[in-house]
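# Analysis of the macromolecular model
Each chain is listed here by its residues.
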Amino acid sequence: MLGEVAFSKGLRTYFERHAYGNADYADFLAALTDGSGMDLAAWGERWLREAGVNTLVPEITVTDGRISAAAVVQTAPASQPVLRPHRFNVGLYGAEAAVAQVTIDGSRTDLPELIGRPAPDFLLLNDGDLTYAKIRFDPRSRGNLRDMLPDLAPLNRAMIWSALLLAVRDAAFPAAEYLSLVTDLMVSERELPILTEVLRQARSEVADRFLAPADRPAALDELAKLCSGLLAATEADDERRLVVYRTLIESAADPAELRGWLDQTDLSAGIALDAELAWLVRYRLAVLGALSEAEIGSAHDADPSTQTDQAAAKCRAALPDIGTKQQAWQAVIGEQQLSGYTALALAAGFWQPEQADLTEPYIVRFFTELPAACQLREEQVAAPMAQAL
């Protein structure tokens, strides 16, 4: 809402006034007010004292190839019903590309700035990521997403992938469609941070948590094919290869193939099987039921360390065995002396989509036993432990 110049001026005022001293919220808001010349009391209440994230949805009407009506609808969760003022850019992409800055407030704001402009193939709210909000797409833009996304600026590509993941979490975008976009578009993604995060999200979040269980094996197979293709198409020194190889390991379903990587008889060029990568292969073998307790112990004893302790614990918790699951659960829930690192490793290995029948009895126990167990641990351990389980 302030604009970059006014915000920077307010920050300079704040630091000059309170250098080497203490300051509070009122001091910060006063400096921003003086720097911008705006009354920021209401803005501060909504942005800095209220929780929640707004969702912004575009409404576009096109007549004779031009925008004849445009608006943004803003919503908030029922539990946090706060609507906020936003200032951001709207990107219009197609035969002609343009960016318009708009300011919105309330549940619905008309956008006269867009009226009369050529109808875009793709309209992007929050172009350049200037505000904090979830964004959605109008039907035409969503239909063109697959074609338009690769040619956008890296910042916008990253923001859109994040927006799509949030939409999947909100049940506003199908998990299967998200994964289809990943397998189609990551082939040409050159930015390592984007590739890394999108592959992680696709494999560990969307495929594991949001996709219909019956569709998961085929989805992992498509991810594995994507990664195999990228490895075949890239040079040995390409920085993307290690990220791609990790996802290939995590998506592999053939124990023989995984064994070949672990034995270093079938590694891709440029990939060095260090200790961390070797344990990742063992972990996937454990999930698939193709690794024995003896093999885990042997690998641990060959290179004992704190990191190896955690990797071995995670592999043991991932074994598809009733007794092993019970031991892992009891250790996480009942052994207060267990280190936080080991508890997190056991929790991370315990739940596997491939082992739903084994972990189904623990659904009720999660709600009845975990609250007390979390009280015994610090928040930085209890929160990720609960999320993993």
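On the secondary structure map, Val287 appears in helix 12 (residues 275–287). Along the primary structure Val287 and Glu250 are separated by 37 residues, whereas in three dimensions their C-alpha atoms are 9.9 Å apart.

What follows covers the packing of helix 8 (residues 192–210) against helix 9 (residues 216–233). Between two packed helices, what matters for the description is the angle formed by their axes and the separation of those axes. Interhelical geometry of helix 8 versus helix 9 gives an angle of 170 degrees and a closest axis separation of 11 Å. It follows that helix 8 is roughly antiparallel to helix 9 by the angle criterion. Facing Leu199, Ala202, Arg203, Ala207 and Asp208 of helix 8, the residues of helix 9 in contact are Arg216, Leu220, Leu223 and Leu226. Per-class residue counts for the contact of helix 8 with helix 9 are 6 nonpolar, no polar and 3 charged.

Our next topic: unusual backbone geometry. Non-glycine residue Tyr20 carries a positive phi angle of around 60 degrees. Counting through the fold element by element, Tyr20 comes out in the loop between helix 1 (4–18) and helix 2 (25–36). The class of Tyr20 is exposed, set by a relative accessible area of 90%. Phi angles above zero are rare outside glycine, and Asp64 is one such case at about 55 degrees. Its location among the elements puts Asp64 in the loop between strand 1 (55–63) and strand 2 (66–75).

So, on to the sheet that holds strand 3 (residues 86–93). What the 3 strands build is an open sheet, ordered 4-3-6; its pairing is antiparallel. Every other strand in the sheet has two partners, leaving strand 4 (98–104) and strand 6 (122–127) as the edge strands with one partner each. Strand-to-strand twist in this sheet, taken as the mean axis angle between neighbours without regard to direction, amounts to 25 degrees. When strand 3 meets strand 6, the two strands line up antiparallel, connected through 5 bridges.

As paired elements, strand 3 and strand 4 share 7 bridges and run antiparallel to each other. The residue bridging Arg87 from the neighbouring strand is Thr103, located in strand 4. In textbook terms, the turn of a hairpin is the stretch between consecutive antiparallel strands, and for strand 3 and strand 4 this stretch comprises 4 residues.

Quick look at the confidence of the model for the chain now. With 100% of its residues at a pLDDT of 70 or more, the chain shows a mean pLDDT of 93. The lowest-confidence element of the chain is helix 19 (residues 379–388), averaging 86 in pLDDT; the highest-confidence one is strand 7 (residues 134–135), averaging 98.

To continue, consider helix 2. Structural remark: α-helix, 3.6 residues per turn; residues separated by three or four positions point the same way. Taking 1.5 Å of rise per residue, the 12 residues of helix 2 would be expected to cover 16 Å, and the 17 Å separating its terminal C-alpha atoms lies within 8% of that figure. Residues Leu29, Ala31, Leu32, Gly35 and Ser36 constitute the buried set of helix 2. Looking down the long axis of helix 2, one finds its buried residues gathered within 155 degrees of arc, a one-sided arrangement. Looking at the buried positions of helix 2, the neighbouring elements they touch are helix 1 and helix 3 (41–48). A positive phi of about 75 degrees marks Gly37, the residue just after helix 2.

Here is what the cut-offs are and how they apply
- Residues numbered from 1 in each chain as written.
- Predicted model: local features only at pLDDT ≥ 70, side-chain atom pairs only at ≥ 80, totals over all residues.
- Heavy atoms only, no water.
- Helix = DSSP H or I, 4+ residues; strand = E, 2+ residues; numbered from the N terminus.
- Axes fitted to C-alpha atoms, helices over the stretch in contact; angles between N-to-C directions.
- Parallel < 35°, antiparallel > 145°, perpendicular 65-115°, else oblique.
- Contact = heavy atoms within 4.5 Å.
- Nonpolar A, V, L, I, M, F, W, Y, C, P; charged D, E, K, R; others polar.
- Buried < 20%, exposed > 50% of the residue type's maximum accessible area, 1.4 Å probe, protein only.
- Pairing = 2+ DSSP bridges.
- pLDDT = per-residue confidence, 0-100.
- Expected span 1.5 Å × (residues − 1).
- Arc of directions from axis to C-beta.

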